[in-house]
Amino acid sequence: MRLLLTGGAGYVGSACLRYLLENGHDPIAYDNLLEGNREAVPDAAKRLVEGDIADVDRLTDALKRHQAEAVMHFAALASVPDSIADPEAYYRVNVAGTKSVLDAMRAAGTLKILFSSTAATYGFHGEMPLRETSAQTPETPYGTTKLVAEWLIKDYARAYGMGYTLLRYFNASGADPSGEFGEDRRHESHLIPLVFQAALGRRPKVTIFGSDYPTRDGTCVRDYVHTTDLAQAHRLAVESLEPGMGRAYNLGSGTGATVLEVLRACEQAAGRPIPHDFAPRRPGDPGVLVASPDRIVGDLGWAPRYSDVETIVRTAWAWHQRRPHGYSE
Ligand code: UDP
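Each value, and the rule that gives it
Residues numbered from 1 in each chain as written. Predicted model: local features only at pLDDT ≥ 70, side-chain atom pairs only at ≥ 80, totals over all residues. Heavy atoms only, no water. Near = heavy atom within 4 Å. Polar contact = N/O pair within 3.5 Å; in protein donor to acceptor, adjacent residues only side chain to side chain. Areas by Shrake-Rupley, 256 points an atom, 1.4 Å probe, with all protein chains shown as cover. Helix = DSSP H or I, 4+ residues; strand = E, 2+ residues; numbered from the N terminus. pLDDT = per-residue confidence, 0-100. Axes fitted to C-alpha atoms, helices over the stretch in contact; angles between N-to-C directions. Parallel < 35°, antiparallel > 145°, perpendicular 65-115°, else oblique. Left-handed = near helix turned anticlockwise from the far one by under 90°. Contact = heavy atoms within 4.5 Å. Nonpolar A, V, L, I, M, F, W, Y, C, P; charged D, E, K, R; others polar. Buried < 20%, exposed > 50% of the residue type's maximum accessible area, 1.4 Å probe, protein only. Pairing = 2+ DSSP bridges. Right-handed = clockwise from strand over helix to strand, strands pointing away. Lys, Arg positive; Asp, Glu negative; His and termini not counted. Salt bridge = Lys/Arg side-chain N within 4 Å of Asp/Glu carboxyl O. Phe/Tyr/Trp six-rings, centres within 6.5 Å; stacked < 30°, edge-to-face > 60°.

Asks: So what exactly am I meant to see when it comes to the site of the ligand here?
Replies: Around the ligand, the structure places 14 residues, and the nearest of them are Leu 191, Thr 207, Arg 222, Arg 282 and Asp 285. A distance of 2.8 Å separates an oxygen atom of the ligand from a polar backbone atom of Leu 191. When the ligand sits alone it has 510 Å² of accessible area, and the protein chains cover 90% of it. Counting residues per element, the ones that place at least two in the shell around the ligand are α7 (191–199) and β8 (206–209).

Structural data, given as structure tokens:
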């Protein structure tokens, strides 16, 4: 399929782009490169269009030129603490940006969209594991902006004959098994890259937020899912999507790991102790977030292969060790 990936030079978007290429599709990335990396896109001269999702005309033009049959909309801001500190940016990029993408799709006649949504659209105090039918009562601006974007997509789809699939990621993590591609943001707030930056001496230590949660060791439980498995899900979802269809799927392993368990697994992978300390809970952090992925497994035959913590941190360590300063080196 001819596909356009907004945020296709970013961490998850570029993993999907490479996977789609390997599986016979024809994807291009549309990315402003504020957080994305040109080096993450193979054959960037041909496959990367530099542009911002706010620029509807440029995006429309890119869709038309590529004759895109579907959009995968990855471009977003994705840090819970940053969204609390600066909600303006999150509404602008995640909400207004999604509206721009939908408007460009209408202008270009592209009728299918996959959307990178999140576990943060759910409420934190209901059933666990979370199902697609669980209450969506987000508790942070990040979660709220992603939920509003889901609503935008549903309303546009209904009115303008589009088909959509909402993919609600849990904790996207890991690196390409080749060791050549991985996580590299200008401003990092996610656990695993911060742990490995501490292992490599790029920061003095990693701080663990909260040790008094009602979990097995007092630290937060998250469901880590490998980017290659996310990519497989995107492929299955786009290949089965038709205009007029509307679906939502959780993308998580179904298993939770605590922050301390992740730290220990990183120490095992790196073969050395990693300096860390403890601080109070981070605002907006729920104690436990675990997915039920049953729906996508049942509907599309999603079969995650890399989403155990050991494989996630082993692939991430290989990447960070090889490129301690990321793609820029
Ligand atoms: N975390 C932490 N120290 C850090 C960054 C994250 O203890 O420097 C914890 C955070 O409280 C959460 C988990 O690690 O429980 C995963 O956080 P991350 O920001 O990677 O993803 P999120 O779950 O917020 O999407």
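Asks: For this particular structure, what's the right way to read the confidence of the model for the protein chain?
Replies: Detailed reading of the predicted coordinates is not advisable wherever pLDDT is low. On average, residues of the protein chain carry a pLDDT of 97, and 100% of them reach 70 or more. Across the protein chain, the secondary-structure element scoring lowest on mean pLDDT is helix α4 (residues 80–85), at 94, and the one scoring highest is strand β1 (residues 2–6), at 99.

Asks: In this structure, what is going on with the packing of helix α5 (residues 87–108) against helix α6 (residues 141–160)? I would like to understand it.
Replies: If you want to describe how two helices pack, look at the angle between their axes and the distance between the axes. Where α5 meets α6, the closest approach of the two axes is 9 Å, and the angle between their N-to-C directions is 15°. Classified by the angle between their axes, α5 and α6 sit roughly parallel to one another. Where α5 crosses over α6, the handedness of that crossing is right-handed. Contacts from Pro 87, Tyr 90, Tyr 91, Asn 94, Val 95, Thr 98, Lys 99, Leu 102, Asp 103 and Arg 106 of α5 reach α6 at Pro 141, Tyr 142, Thr 144, Thr 145, Lys 146, Val 148, Ala 149, Leu 152, Ile 153, Tyr 156 and Tyr 160. Within the contact of α5 with α6, the residues separate by chemical class into 13 nonpolar, four polar and four charged.

Asks: Explain the pairing of strand β2 (residues 26–31) to me, please; I cannot follow it from the model alone.
Replies: Put simply, side chains in a regular strand alternate between the two faces of the sheet. Among the six residues in β2, five count as buried, and that is most of the element. Relative to β2, β1 is paired through five bridges, and the arrangement is parallel. Residue pairing for β2: Arg 2 is matched across the bridge by Asp 26. With helix α1 (residues 11–22) bridging β1 and the parallel β2, this β-α-β connection has right-handed handedness. Pairing of β2 with strand β3 (residues 48–50), which is carried by three bridges, proceeds in the parallel orientation. Bridge pairing in β3 links Tyr 30 to Val 49.

Asks: How do you make sense of the side chain of Asp 31 when you look at a structure like this?
Replies: Assignment of secondary structure puts Asp 31 in strand β2. Despite its burial, Asp 31 remains without a salt bridge, the nearest opposite charge being carried by Arg 186 at 7.4 Å. Within polar-contact distance, the side chain of Asp 31 engages the backbone nitrogen of Gly 10 at 3.5 Å. Beyond its immediate chain neighbours, meaning those up to four positions away, Asp 31 contacts Gly 7, Gly 8, Ala 9, Gly 10, Gly 36, Leu 48, Val 49, Glu 50 and Gly 51.

Asks: Got a minute to help me understand the packing of aromatic side chains in this structure?
Replies: Both the distance between ring centres and the angle between the ring planes are used here to describe each pair of aromatic rings. Counted according to the given criterion, the structure contains four aromatic pairs. Measuring from centroid to centroid gives 6.4 Å for Tyr 90 and Tyr 142, while their planes differ by 90°, and the two rings are edge-to-face. Pair noted here: Tyr 90 is in helix α5 and Tyr 142 is in helix α6, with a separation of 52 residues, a long-range link. Tyr 142 matches Tyr 90 in its accessibility class, with the two residues each being buried. Relative to Tyr 327, the ring of Trp 319 has its centre 4.8 Å away and its plane inclined at 50°; by these criteria the two rings are tilted.

Asks: Teacher, can you tell me more about the pattern of salt bridges here?
Replies: Where charged atoms from two side chains of opposite charge approach closely, those side chains can pair. One pass over the full model with this rule turns up 21 salt bridges. Residue Arg 168 is joined to Glu 150 by a salt bridge in which the shortest nitrogen-to-oxygen separation is 2.8 Å. With Arg 168 in strand β6 (residues 163–169) and Glu 150 in helix α6, this residue pair connects regions lying 18 residues apart in the sequence. Taking the relative accessible area as the measure of exposure, Arg 168 reaches 2% and is therefore buried. Glu 239 is the salt-bridge partner of Arg 235, the closest N and O atoms lying 3.0 Å from each other. A residue pair is termed a helical-turn pair when its members lie 3 or 4 positions apart in one helix, as Arg 235 and Glu 239 do in helix α8 (residues 227–239) at four residues. Each of Arg 2, Asp 26 and Arg 47 takes part in a single network of salt bridges with overlapping partners.

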